[in-house]
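# Architecture and fold: a report
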Amino acid sequence: MTPFAYTAVQTVASPHAHGGNAVSRTMLRVQLALTPATAYAFWLFGWPAFFLWLITLGACLLFEFISLRLMGVPHIRRTLGDSSALLTGWLLALTLPPWAPWWVGVIGAFIAIVIGKQVFGGLGQNVFNPAMVARVALLISFPLPLTQWVTPLPLTTLAAPGFIAGLQITLAGLPPPDAMASASLLGYAKTELSRGSDLVQALAAGHAPLISWIGIRAGSLGESSALLLLAGGLFLLATGVIRWQIPLAVFAGLAIPAAIGHALDPAHYLGVIPHVLSGAAVLGAFFIATDYVTSPTTAPGQLIFGVGVGLLTWVIRTYGSYPEGMAFAVLLMNALTPIIDRYTKPRILGRTRAGKPLDIPAKKGA
C-alpha cells in the first residue's frame, strides 16, 4: 500500500462566512444617498458647481491611479473600481464653495488622496478622513477662495450662467460679482457678533428654518439641502451601511450646548435649528463622521466619538475664528479613535475587558 502523505497546516484564523458585501457596493450606496442633494446643488448654483465637482472627482481618480502605479500595486483597475477615491472626491467637492476655481479641486484632490490616504498605506490604513484633511488644508492655505460664497441662482433662471460662461468661471477663477457675493448663515452670524449685534434681530429676516431645510441660501454644495441630505442619511441607515450611534451622538453633542447657550443668552448664541441645519452638520453626521476606517468600531465608542464631534463643532463655531468647525472636529476625534477603541473594546469570550483570562473556580468534588 502507498502510505498517505500528511502535510502540517498551521491554522491562523477560524473560518468565516462572507456576508456578500463589498467595498464597491458600500461606496455605491453612499454615492446614491448623496445624489439627490448633489443634483439639487447643481440646479441651485449652476454649471460652475457641476464643473468643480467633476474636476475634483477626476483629479482624485487621477492621483489614485498615479499613486498605485508608483507603488507597483497590481490590478490597478480593480482597485480604482472600488470607488473609494471617487467618494473621497465627491465628499470633498461638497465642502467647497460652488464657484471655487478649478485648481482648488485639484490641490484638494492631491492632499486627500496622496497625503491623507496613500501615504498611510491606502484604503483602510488612513488615520484621518482624507476629505477632511484636504478641506482643512485648503481652508488654512487659501482662505479667500474657500470663503467666497455666491447667492443661489437656479439653473432655470435667465440670469444663471450658461455652459460656456460656467466653464469660464471655473477655469478662469473669476470672483463672483458683488451683486452675487454673499455670506453663509454661520459666517454672517460670526460677522454680526464681531460687530456687537444682537443675533436674534440679525437673523430675524431671511434666515427662517424653511430656508435651511431647502437650502436656498449661500453656502457650500453640502449645505444645499438639509432635507435631501437627511433623506440620504436615512437611506444609509435603512440599508445598514451606517449605524445610528454616530449621527445621533453628533446631533446631540451639537444641539445640547446650543440649546443651553441660546437659552442663557439668545443675543450671543445661535439656537439649535441654525446649528443643526447650517454648515456641514447634516453632511458630517451621516456621511463624514461615520467613515468606517477613522471612527470607533464599538457602539459605546461611536457614541463617545459622535458626541465629541458635535461638541467640538459647537465650540469652534462659537468661540473659534472660523464660522464652521465640522472638519476640524472630525479630525480631532479621528486622532482619538485609537484611544476610544482601546477603552471600549468588547470583551472576548472567556477573558476580561483587559484581555486577561477569567479566573474560573474549580467545581466542588472535581
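Residues numbered from 1 in each chain as written. Predicted model: local features only at pLDDT ≥ 70, side-chain atom pairs only at ≥ 80, totals over all residues. Heavy atoms only, no water.

### Remarks on the overall build of the protein
Put simply, the rule is: Numbering of helices and strands runs from the N terminus, with a helix taken as a DSSP run of H or I at least four residues long and a strand as a DSSP run of E at least two residues long. Relative accessibility under 20% of the residue-type maximum defines a buried residue, over 50% an exposed one, and the middle range a partly exposed one, all with a 1.4 Å probe and only protein chains included. A contact between two residues is defined here by any heavy atoms of the two lying within 4.5 Å. Only the protein chains shown count as cover for residues, with accessible areas throughout obtained via the Shrake-Rupley method and a probe of 1.4 Å.
Counting secondary structure elements, the protein contains 16 helices and 2 strands. By the burial criterion, 48% of the 366 residues in the protein qualify as buried. Considering only intrachain contacts with a sequence separation of at least 6, the fraction spanning at least 24 residues in the protein is 76%. A total accessible area of about 18,700 Å² is found for the protein, and carbon and sulfur atoms account for 69% of it.

### Describing a nonpolar patch on the surface
Short version of the rule: Only residues whose relative accessible area exceeds 30% and that form no salt bridge enter a patch; like-charged residues are grouped when within 9 Å of one another, and nonpolar side chains (Val, Leu, Ile, Met, Phe, Trp, Tyr) when within 5 Å. One speaks of a salt bridge when a side-chain nitrogen belonging to Lys or Arg is within 4 Å of a carboxyl oxygen belonging to Asp or Glu.
On the surface, a cluster of nonpolar side chains totalling about 420 Å² of accessible area is made up of Phe110, Ile115, Val119, Phe120 and Val127. With respect to the element layout, Phe110 can be found in helix α5 (residues 102-115). Exposure remark for Phe110: the relative accessible area of 36% places this residue in the partly exposed category.

### Some remarks on the nonpolar core
Which entries qualify depends on this criterion: Only buried residues count toward a nonpolar core, which is a set of Ala, Val, Leu, Ile, Met, Phe, Trp, Tyr and Cys residues joined through side-chain atoms within 4.5 Å.
Within the largest apolar cluster, 67 residues are counted, with the highest numbers of intra-cluster contacts made by Leu34, Leu283, Phe287 and Val309. Formed by 7 residues, the second largest nonpolar core is a distinct cluster that contains Ala59, Phe63, Ala85 and Ile113.

### Description of the packing of helix α1 (residues 23-45) against helix α4 (residues 84-94)
Quick note on the threshold: Lines are fitted to the C-alpha atoms to define the axes, a helix being fitted only along its stretch in contact, and any angle between axes, read from their N-to-C directions, falls within 0 to 180 degrees. In this scheme, roughly parallel covers angles under 35 degrees and roughly antiparallel covers those over 145, while 65 to 115 is roughly perpendicular and the rest are oblique. The crossing is said to be left-handed when, going from far helix to near helix, the turn is anticlockwise and less than a right angle, and right-handed when the turn is clockwise. Residues are grouped as follows: nonpolar covers Ala, Val, Leu, Ile, Met, Phe, Trp, Tyr, Cys and Pro; charged covers Asp, Glu, Lys and Arg; every other residue, Gly included, is treated as polar.
Two elements in contact, α1 and α4, have axes whose closest approach is 10 Å; the angle formed by their N-to-C orientations is 25 degrees. Here α4 runs roughly parallel to α1, going by the angle between their axes. Along this stretch, α1 crosses α4, giving a crossing that reads as left-handed. Residues Met27, Val30, Gln31, Leu34, Thr35 and Thr38 of α1 pack against Ser84, Leu86, Leu87, Trp90, Leu91 and Leu94 of α4. Here the residues of the contact of α1 with α4 sort into 8 nonpolar, 4 polar and no charged.

### Focus: the packing of aromatic side chains
This is how it is decided: Pairing of aromatic side chains requires ring centres within 6.5 Å, counting the rings of Phe and Tyr and the six-membered ring of Trp. Pairs whose planes differ by under 30 degrees are stacked, by over 60 edge-to-face, and all others tilted.
Counted by the stated rule, this structure contains 16 aromatic pairs. Look at Trp47 and Phe50: their rings are 5.9 Å apart centre to centre, the planes differ by 80 degrees, and that puts the pair in the edge-to-face class. On the criterion of helical spacing, the pair formed by Trp47 and Phe50 is a turn pair, its members being 3 residues apart in helix α2 (residues 47-70). Taking the relative accessible area as the measure of exposure, Trp47 reaches 28% and is therefore partly exposed. For Phe50, a relative accessible area of 25% puts it in the partly exposed group. A ring pair is formed by Phe51 and Phe163, whose centres lie 5.2 Å apart and whose planes are at 85 degrees; its orientation type is edge-to-face. Separated by 112 residues along the polypeptide, Phe51 in helix α2 and Phe163 in helix α7 (residues 163-172) bring together distant segments of the chain. Take Phe163: its relative accessible area is 42%, and that puts it in the partly exposed class.

### Some words on the environment of Met71
With respect to the element layout, Met71 can be found in the loop between α2 and α3 (76-80). Separated by 50 residues in the primary sequence, Met71 and Gly121 place their C-alpha atoms 9.9 Å from one another.

### As for helix α14 (residues 281-288)
Judged by how many residues are buried, α14 sits mostly within the fold: 8 of 8 residues are covered. The complete set of buried residues in α14 reads Ala281, Val282, Leu283, Gly284, Ala285, Phe286, Phe287 and Ile288.

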